[in-house]
Amino acid sequence: MRQSAKRFEVRVDTRFADVMRACGDPSREDGWITAEFIAAYTRLHEMGWAHSVEVFDRDGQLAGGLYGVRMNGLFAGESMFHAQRDASKVALMALVQLMRESGMQLLDVQWCTEHLASLGSIEVSRGEYLTRLAAALGSR
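About the criteria used
Residues numbered from 1 in each chain as written. Predicted model: local features only at pLDDT ≥ 70, side-chain atom pairs only at ≥ 80, totals over all residues. Heavy atoms only, no water. Helix = DSSP H or I, 4+ residues; strand = E, 2+ residues; numbered from the N terminus. Buried < 20%, exposed > 50% of the residue type's maximum accessible area, 1.4 Å probe, protein only. 1 Å grid on protein atoms, 1.4 Å probe; cavity = no way out; pocket = protein on both sides within 12 Å on 5 of 7 lines; lining within 4 Å. Points joined across faces, edges and corners; volume = space filled by probe spheres on them. Nonpolar A, V, L, I, M, F, W, Y, C, P; charged D, E, K, R; others polar. Core = buried A, V, L, I, M, F, W, Y, C linked by side-chain atoms within 4.5 Å. Contact = heavy atoms within 4.5 Å. Expected span 1.5 Å × (residues − 1). Phe/Tyr/Trp six-rings, centres within 6.5 Å; stacked < 30°, edge-to-face > 60°. Lys NZ or Arg CZ within 6 Å of the ring centre and 35° of its normal. Salt bridge = Lys/Arg side-chain N within 4 Å of Asp/Glu carboxyl O.

> Give a detailed account of the overall build of the protein, specifying residues and quantitative values.
Looking only at helices and strands, one finds 6 helices and 5 strands in the protein. Start at the N end of the protein and walk to the C end: the helices and strands fall as α-β-α-α-β-β-β-α-β-α-α. If you line up the protein on its principal axes, its C-alpha atoms span 45 × 35 × 30 Å. Counting only residues that meet the buried cut, the protein has 37% of its 140 residues in that class.

Below, the structure is given as structure tokens:
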């Protein structure tokens, strides 16, 4: 992945709505991101709560990304997309690095898919999650 990442440039919070629209592409299976949802999250972004990590190719095209909500040491990931191979993985790697650099503790990916498990995601019990969540929300 480090080799693949060299093909891309990562930015944060520069194309939030575009990332959401790409995640909500109606041709994607099980699409759930509506225009109303995008408007609500864009407002959260304007308020400083929702954030995006964007991945651009060498031609400056948006190749992938992710978005979610940050509260203290928690980042609750909502969705991710890729238009080019490995771009969403690069976005996730960048998010994890940003979280480490800022002392964040918990990345909630909602459910542990095979894809996310291959990238290091683990499932935890409800009790363990609530303990980790309390610690993350209590941190600054």
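There's more to say after this.
> Please give an account of the layout of surface pockets that cites residues and values.
Taken as a whole, the largest pocket encloses approximately 800 Å³ of empty space. Where the lining of the largest pocket is concerned, the elements lending two or more residues are helix 4 (87-101), strand 5 (106-108) and helix 6 (126-138). Of the residues forming the lining of the largest pocket, the biggest block, 7 residues, is contributed by helix 4. A per-class count over the lining of the largest pocket returns 16 nonpolar, 5 polar and 6 charged.

> Please give an account of the nonpolar core that cites residues and values.
Where a protein is soluble and globular, its nonpolar side chains tend to be buried together. Grouped together as the largest cluster of nonpolar side chains are 16 residues, with contacts concentrated most on Phe8, Val53, Val55, Leu66, Phe75, Leu92 and Leu95. Every element with two or more residues in this core is listed here: strand 2 (50-56), strand 3 (62-71), strand 4 (74-82) and helix 4. Considering each element in turn, this core owes the most residues, 7 residues, to helix 4. Setting aside anything within four residues of it in sequence, one finds Leu92 in contact with Leu66, Met80, Leu107, Leu116 and Leu119.

> Break down helix 4 for me, citing the residues and quoting the values.
If you check helix 4, its first and last C-alpha atoms are 21 Å apart, about what 15 residues at 1.5 Å a residue would give, namely 21 Å. Inspection of helix 4 places Ala87, Ser88, Val90, Ala91, Leu92, Ala94, Leu95 and Met99 among the buried residues, and these make up the whole buried set. Remark: Gly103 follows helix 4 within two positions and exhibits a positive phi of approximately 75 degrees.

> Explain unusual backbone geometry to me, and be specific about the residues and the numbers.
Its identity is not glycine, yet Asn72 carries a phi of approximately 50 degrees, on the positive side. Structurally, Asn72 is set in the loop between strand 3 and strand 4.

> Any chance you could break down the packing of aromatic side chains for me, citing the residues and the numbers?
Considering all chains together, one arrives at 3 aromatic pairs under this definition. Judged by centre distance (6.0 Å) and plane angle (80 degrees), the rings of Phe16 and Tyr67 are edge-to-face. Here the residue Phe16 occupies a position in helix 2 (residues 16-23), and Tyr67 occupies one in strand 3, the gap between them amounting to 51 residues. The two residues Phe16 and Tyr67 agree in class, both being buried. Summarising the aromatic geometry, the rings of Tyr41 and Tyr67 are spaced 5.8 Å apart at their centres and angled 80 degrees between planes, so their arrangement reads as edge-to-face. Residue Tyr41 is located in helix 3 (residues 35-46), and its partner Tyr67 is located in strand 3; the two are separated by 26 residues in the primary sequence. Aromatic rings pair up to connect Phe16, Phe37, Tyr41 and Tyr67 into one cluster. Between the NZ or CZ atom of Arg11 and the centre of the ring of Phe56, over which it lies, the distance is 3.8 Å.

> Give a description of the pattern of salt bridges that names residues and reports values.
Following the criterion strictly, the structure yields 6 salt bridges and no others. Here Glu46 makes a salt bridge to Arg43, at a shortest N to O gap of 3.7 Å. You can see Glu46 and its partner Arg43 sitting in helix 3, 3 residues apart, about one turn around the helix. Residue classification places Glu46 among the exposed residues on the basis of a relative accessible area of 56%. Judged by relative accessible area, Arg43 falls into the partly exposed class, the value being 45%. Two residues, Asp86 and Lys89, come together in a salt bridge whose shortest N-O distance is 3.4 Å. The class for Lys89 is partly exposed, based on a relative accessible area of 25%.

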